[in-house]
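# Results of the structural survey
The residues making up each chain are set out below.
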Amino acid sequence: RGSTGRTMAYLLGEVADSTQQPFHAVVNFLADRFRSIRADYNTQHYSAPDAIDVIEQMMWFHILVAYRCCQEDKDQFDPVQNMEKLTQSATTLLQM
């Protein structure tokens, strides 16, 4: 597992389960980190199997967030923005 895979394992294993911040704040933090990873992959035209795994994990995260936050106030969670991030992840995956 490469450094990005280890980073994802940490983000999803430690940060995503954090109870020190509201869940929507954790989601926003992780979405920003995921955006950076996607940008790196797109810039480097990286398509190794570990990159595919990382992008799939991002997609699953956004699917689970959509489910968990479907009842949240729109000021705290924007389902359209979450779907855009899921679509961006899918686009990155398809371009690999």
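In what follows, the structure referred to is the one given above.
All values reported here derive from a predicted model rather than from experimental measurement.

### Comments concerning the environment of tryptophan 60
Following the sequence through the fold, tryptophan 60 ends up in helix H3 (residues 49–68). Accessibility expressed as a relative area gives 56% for tryptophan 60, which makes it exposed.

### Focus on the nonpolar core
Within the largest apolar cluster, 21 residues are counted, with the highest numbers of intra-cluster contacts made by Leu30, Phe34, Met58, Phe61 and Val65. Secondary structure elements with two or more residues in this core: helix H1 (3–15), helix H2 (23–44) and H3. For phenylalanine 61, the contacting residues outside a window of four places in its chain are Leu12, Ala16, Val27, Leu30 and Phe34.

### Here we look at unusual backbone geometry
Unusually for a residue other than glycine, histidine 45 sits at a positive phi of about 50 degrees. As for its placement among the helices and strands, histidine 45 is situated in the loop between H2 and H3.

### Comments concerning H3
For H3, which comprises 20 residues, the first-to-last C-alpha distance of 29 Å matches the rise-based estimate of 28 Å (1.5 Å per residue) to within 8%. Residues of H3 that are buried sit in contact with H1, H2 and helix H4 (79–95).

### Observations regarding the packing of H2 against H4
Following both chains from N to C, one finds H2 and H4 inclined at 25 degrees, their axes separated by 11 Å at the closest point. If you check the angle between H2 and H4, you find them roughly parallel. When the axes of H2 and H4 are compared, the crossing they make is left-handed. Packed against H2, whose contacting residues are Ala31, Arg38 and Asn42, the element H4 presents Lys85, Gln88, Ser89, Thr92 and Gln95 at the interface. Grouping the amino acids of the contact of H2 with H4 by side-chain chemistry returns one nonpolar, five polar and two charged.

### What to know about the packing of aromatic side chains
This structure, assessed with the given rule, holds two aromatic pairs. Aromatic side chains phenylalanine 34 and phenylalanine 61 sit 5.3 Å apart centroid to centroid with 90 degrees between the ring planes, which places their arrangement in the edge-to-face category. With phenylalanine 34 in helix H2 and phenylalanine 61 in helix H3, this pair connects stretches of sequence that are 27 residues apart. By relative accessible area, which is 9% here, phenylalanine 61 ends up buried. The ring of phenylalanine 23 carries arginine 68 above its face, with NZ or CZ at 3.7 Å from the centroid.

Criteria and cut-off values
Per-chain numbering applies: the sequence of each chain, read as written, is numbered from 1 onward. Reporting of local features is limited, given that this is a predicted model, to residues whose pLDDT is at least 70; pairs of side-chain atoms are given and counted only at 80 or more, and all residues count toward the totals for whole chains, interfaces and linings. Values shown for side chains rest on all heavy atoms present in the structure; no hydrogens or waters enter the calculation. Counting from the N terminus, the helices are DSSP H or I runs at least four residues long and the strands are E runs at least two residues long. When a residue's accessible area, from a 1.4 Å probe over protein chains only, is under 20% of the maximum for its type it is buried; when over 50% it is exposed; and in between it is partly exposed. As used in this record, nonpolar core signifies buried Ala, Val, Leu, Ile, Met, Phe, Trp, Tyr and Cys residues forming a set joined through side-chain atoms within 4.5 Å. In this analysis, two residues are considered to be in contact whenever any of their non-hydrogen atoms come within 4.5 Å of each other. Multiplying 1.5 Å by the helix residue count minus one yields the expected span of that helix. To get an axis, a line is fitted to the C-alpha atoms, and for a helix only the part in contact is used. The angle between two axes follows their N-to-C directions and goes from 0 to 180 degrees. Reported orientations rely on four angle classes, namely roughly parallel under 35 degrees, roughly antiparallel over 145, roughly perpendicular from 65 to 115, and oblique for the rest. Handedness of each helix crossing follows the sense of rotation of the near helix against the far helix: counterclockwise by less than a right angle gives left-handed, clockwise gives right-handed. As a working rule, the residues Ala, Val, Leu, Ile, Met, Phe, Trp, Tyr, Cys and Pro are called nonpolar, Asp, Glu, Lys and Arg charged, and the rest polar, with Gly in that last group. Working definition: rings of Phe, Tyr and Trp (its six-membered ring) pair if their centres are within 6.5 Å, and the pair is stacked with planes under 30 degrees apart, edge-to-face with planes over 60 apart, and tilted otherwise. Here, a charge over a ring is recorded when the distance from Lys NZ or Arg CZ to the ring centre is within 6 Å and its angle to the ring normal is within 35 degrees.

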